[in-house]
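# A look at the structure
Chain residues, written in single-letter form:
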Amino acid sequence: MGLFPKRLWEMSRGEKKLYLSFDDGPHPDHTGFVLDELKKYNAKACFFCVGDNVKSFPEMYERVLAEGHTLGNHTMNHLNGNRTDDKVYLNNVDEAAKYIDSRLFRPPYGRLRSFQAKLLTERNNPFRIVMWTVLSGDFDQGITAQRCLENVLLKAGNGSIVVFHDSEKASEKLRFALPAVLKSFHERGFTFEKIPAY
């Protein structure tokens, strides 16, 4: 957090609010599951979408919007900024912006070069780079679903931005952990808020 202070890592710690976010969608099944679970707790969240997936599943993108959540740009093709030429990377973000109406941006893998970040945040219509406080690890094939759940239960607190993935790769752990996270934090008096549009 100290290394990149201009990036958003957490929200205000003053209130019992949790900020759930979901990367890599939309997906016709997994995003639908997430939305159904969120609705049970009147929970709002932020969905960082891949442009290609928005093109493929526009109805699910529209459902996310219609149900009152915020959206973010997650590049057109899930590019790793550290492994991508700067111009190619920026063009890819801009291509995704044609399908994703948001100035929130989360770099896939959390990876982008400082120069790429500078270009994104210092343009005429700048992006706000959103990172996270807690990474659930639902994408990690090397951990159990229980460990994924514990990552969130033990590390998240007031104002935490938590990352899950509404993707095929993460689906098993997501479907185990998300309902339990919602139930546990709801019982502890938390509300679930969306990262505000920028």
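All of the points below concern the structure found in this document. (Residues numbered from 1 in each chain as written. Predicted model: local features only at pLDDT ≥ 70, side-chain atom pairs only at ≥ 80, totals over all residues. Heavy atoms only, no water.)

What follows covers the pairing of strand 1 (residues 17–23). A regular strand carries its side chains on alternate faces of the sheet. Extensive coverage of strand 1 is indicated by the burial of six of its seven residues. In the sheet, strand 1 pairs with strand 2 (residues 46–49) via three bridges, with the strands oriented parallel. Following the sheet pairing, Ser21 is matched in strand 2 by Cys46. Read as a crossover between parallel neighbours, the route from strand 1 over helix 1 (residues 30–40) to strand 2 is right-handed. (Buried < 20%, exposed > 50% of the residue type's maximum accessible area, 1.4 Å probe, protein only. Helix = DSSP H or I, 4+ residues; strand = E, 2+ residues; numbered from the N terminus. Pairing = 2+ DSSP bridges. Right-handed = clockwise from strand over helix to strand, strands pointing away.)

A word on the packing of aromatic side chains. Going through the model one piece at a time under the given rule, you end up with six aromatic pairs. Pairing Tyr41 with Phe192 gives two aromatic rings, centres 6.5 Å apart and planes at 70°, and the pair type is edge-to-face. Linking Tyr41 in the loop between helix 1 and strand 2 with Phe192 in strand 8 (residues 191–192), this pair joins segments that are 151 residues apart in sequence. Given the relative accessible area of 4%, Phe192 is considered buried. Note on Tyr89 and Phe105: the rings are 6.3 Å apart at their centroids and 85° apart in plane angle, and the pair reads as edge-to-face. One end of the pair, Tyr89, is in helix 4 (residues 86–97); the other, Phe105, is in strand 4 (residues 104–105), and 16 residues separate them in sequence. (Phe/Tyr/Trp six-rings, centres within 6.5 Å; stacked < 30°, edge-to-face > 60°.)

What follows is about the packing of helix 4 against helix 5 (residues 114–121). How two helices sit against one another is set out by the angle between their axes and by the gap between those axes. In contact at an axis separation of 10 Å, helix 4 and helix 5 are set at 40° when each is read in the N-to-C sense. In terms of orientation, helix 4 and helix 5 fall into the oblique class. Where helix 4 crosses over helix 5, the handedness of that crossing is right-handed. Between helix 4 and helix 5, the contacting residues are Asp86, Tyr89, Leu90 and Val93 on the first element and Phe115, Gln116, Leu119 and Leu120 on the second. (Axes fitted to C-alpha atoms, helices over the stretch in contact; angles between N-to-C directions. Parallel < 35°, antiparallel > 145°, perpendicular 65-115°, else oblique. Left-handed = near helix turned anticlockwise from the far one by under 90°. Contact = heavy atoms within 4.5 Å.)

So, on to the nonpolar core. Counting residues in hydrophobic clusters, the biggest one holds 35 residues, and the most contacted among them are Leu18, Leu20, Phe22, Leu38, Phe47, Phe164 and Leu178. Those elements giving two or more residues to this core turn out to be strand 1, helix 1, strand 2, helix 3 (58–66), helix 6 (145–155), strand 7 (161–165) and helix 7 (171–187). Examining the composition of this core, we find that six residues originate from one element, helix 7, more than from any other. With residues up to four places along the chain from it excluded, the contact list for Leu178 reads Leu20, Phe22, Phe33, Val34, Glu37 and Phe164. Core analysis: the second largest hydrophobic core is formed by 23 residues, Leu104, Leu120, Ile129 and Val130 among them. (Core = buried A, V, L, I, M, F, W, Y, C linked by side-chain atoms within 4.5 Å.)

This brings us to unusual backbone geometry. Cis peptide bonds are those with omega within 30 degrees of zero, and the linkage from Gly25 to Pro26 qualifies with 0°. Along the polypeptide, Pro26 turns up in the loop between strand 1 and helix 1. With phi around 75°, Thr75 is a residue other than glycine that occupies positive phi space. Inspection of the secondary structure puts Thr75 in the loop between strand 3 (70–73) and helix 4. For Tyr109, which is not glycine, the phi dihedral falls at a positive 65°. Within the element layout of this structure, Tyr109 appears in the loop between strand 4 and helix 5.

Distances and angles like these do not, on their own, reveal function.
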